Amino acid sequence: MKVAIVGASGAVGQEFLRILAERDFPMDDLVLFGSERSAGRKYTFKGKEYEVKLLQHNDDFKDVDIAFTSAGGGTSHDFAETITKYGAVMIDNSSAFRMDNDVPLVVPEVNAEDALNRPRGIIANPNCTTIMMVVVLKPIEDMSHIKRIHISSYQSASGAGAVAMAELQQQYKEILETGEAQTIKKFPHQLAYNVIPQIDVMTPNDYTKEEMKMFNETRKIMHSDVRTSATCVRVSSLRSHSESVWVETESPLTVEAVREAIAKAPGCSLVDDPQNYVYPMPLESAGKDDVYVGRIRQDLANDNGITLWLTGDQIRKGAALNAVQIAEYLIKVGNVK
């Protein structure tokens, strides 16, 4: 088993290395790829040093079995044919192929089998907020079909990458030293001591691309007609996203039944003792694999509604971990090239 990581120097690429090591992913060889800026950098994996190769249109992927790609949608589009030409499975972390009909969009806890039908050799990793939400919604959907979802997300700086995390830290430093944030490049406004009610660019209907991803991707992953209305907000935490979610089901569900189902669901951890101020927070979910769920309540505005709060590490389950779990599933069922 030969594994490639494209975009090895980025935040998700580095998380791939950590997760593959932690989970003792079954492979015999590893090759790292990057842009001209990162080519030549060296990283240690399981005691062995690997040098990042320049990503090029050549035969470097000839012996690769699985390629994890996280170098942006443009790079994924440009290099997909090169990566998959000799049969490598490309598990792509960008938005490039997510809504293509001939590319499965997979969250293993929800629709693992979809990964088996990949005409182009590509499997898409969903958007981070969508991944975490559908992991939690799956046990609810299994009890009663979800008709509508309303969601407000609270997304950390790390969702915009390592450069964004550094910018947030720099802004706090500048404010403490000079009283004013001077470095505002990655975000449209100052993020330190602030929240920005915009993630990604605006679409013609005044929802952002991030918000529309949640609408479209949720339907594709869950094979559902569910309608999702989202407001995605960038907050000044460093790592881990949170979401406040309202769901309307066809039949009413009790809070107790929802709690029990989520507690048993793969990929979920129930942290829900509100009377004693016990609920999940991003500081606690950072670096963890599960999506943490709490504040489960009956919706006061809808008899068929349930309200909950979730938080998860979007670099892990929201990106690298989900991709690795897809690969583990393919290996388990013997469906790699």
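Please refer to the structure placed before this passage.
The following paragraphs examine the structure supplied in this document. None of these values were measured; they are calculated from a predicted model.

Focus: the side chain of Asp313
Piece 1. Positionally, Asp313 belongs in the loop between strand E14 (305-312) and helix H9 (316-332).
Piece 2. A polar contact is formed between the side chain of Asp313 and the backbone nitrogen of Ile315, at a distance of 3.0 Å.
Piece 3. Contacts of Asp313, omitting those with residues within four sequence positions, involve Met132, Arg239, Ser240, Ser285, Ala286, Gly287, Lys288 and Gly318.

Structural notes on the pattern of salt bridges
Piece 1. One pass over the structure, following the stated rule, counts 23 salt bridges.
Piece 2. In this structure, Lys46 engages Asp24 in a salt bridge whose closest nitrogen and oxygen atoms are separated by 2.5 Å. Residue Lys46 is found in the loop between strand E3 (42-45) and strand E4 (48-51), and its partner Asp24 is found in the loop between helix H1 (11-22) and strand E2 (29-34); the two are separated by 22 residues along the sequence.
Piece 3. For Asp24, a relative accessible area of 52% corresponds to the exposed category.

Section: the packing of helix H4 (residues 128-143) against helix H6 (residues 209-222)
Piece 1. Here H4 crosses H6 at 40 degrees, and the two axes come no closer than 10 Å. Relative to H6, the element H4 is oriented oblique. Considering the relative orientation of H4 and H6, their crossing is right-handed. Each of Cys128, Thr129, Thr130, Met133, Val134, Leu137 and Glu141 in H4 lies in contact with H6, whose residues at this interface are Glu210, Lys213, Met214, Glu217, Thr218, Ile221 and Met222.
Piece 2. For the contact of H4 with H6, the per-class residue count stands at seven nonpolar, three polar and four charged.

Some remarks on the sheet that holds E2
Piece 1. On the basis of which strands lie adjacent, the open sheet formed by six strands has the order E5-E2-E1-E6-E7-E8 and parallel pairing. Where the open sheet ends on each side, the last strands, each with one partner, are strand E5 (53-54) and strand E8 (122-124).
Piece 2. Relative to E2, strand E1 (residues 2-6) runs parallel, the two sharing five bridges. Across the sheet, the residue bridging to Lys2 is Asp29, located in E2.
Piece 3. Sitting on the sheet, H1 is in contact with E1, E2 and strand E6 (66-69), with an inclination near 150 degrees to E1.
Piece 4. With respect to the sheet, H9 is in contact with E6, strand E7 (89-92) and E8, its orientation differing from that of E6 by roughly 165 degrees.

Description of the nonpolar core
Piece 1. By size, the foremost hydrophobic cluster in this structure holds 53 residues, and its most contacted members are Phe61, Leu137, Val245, Ile262 and Leu308.
Piece 2. Among the elements that take part in this core, H4 stands out by supplying eight residues, more than any other.
Piece 3. When near neighbours in sequence (up to four residues on either side) are disregarded, Leu137 contacts Ile146, Ile149, Met222, Val245 and Val247.
Piece 4. Within the second largest apolar cluster, 34 residues are counted, among which are Phe25, Phe45, Ile123 and Val324.

Some words on the packing of aromatic side chains
Piece 1. Taken as a whole, this structure holds six aromatic pairs when the rule is applied.
Piece 2. Between the aromatic rings of Phe33 and Phe61, the centroid separation amounts to 4.5 Å while the plane-to-plane angle is 20 degrees, which identifies the pairing as stacked. With Phe33 in strand E2 and Phe61 in the loop between E5 and E6, the pair connects residues that are 28 residues apart, well separated along the chain. Residues Phe33 and Phe61 agree in their burial class; the two are buried.
Piece 3. Linked through ring pairs, Phe16, Phe25 and Phe68 together constitute an aromatic cluster.

Cut-offs used in this document
Residues numbered from 1 in each chain as written. Predicted model: local features only at pLDDT ≥ 70, side-chain atom pairs only at ≥ 80, totals over all residues. Heavy atoms only, no water. Helix = DSSP H or I, 4+ residues; strand = E, 2+ residues; numbered from the N terminus. Polar contact = N/O pair within 3.5 Å; in protein donor to acceptor, adjacent residues only side chain to side chain. Contact = heavy atoms within 4.5 Å. Salt bridge = Lys/Arg side-chain N within 4 Å of Asp/Glu carboxyl O. Buried < 20%, exposed > 50% of the residue type's maximum accessible area, 1.4 Å probe, protein only. Axes fitted to C-alpha atoms, helices over the stretch in contact; angles between N-to-C directions. Parallel < 35°, antiparallel > 145°, perpendicular 65-115°, else oblique. Left-handed = near helix turned anticlockwise from the far one by under 90°. Nonpolar A, V, L, I, M, F, W, Y, C, P; charged D, E, K, R; others polar. Pairing = 2+ DSSP bridges. Core = buried A, V, L, I, M, F, W, Y, C linked by side-chain atoms within 4.5 Å. Phe/Tyr/Trp six-rings, centres within 6.5 Å; stacked < 30°, edge-to-face > 60°.

Read these as geometric descriptors, not functional statements.
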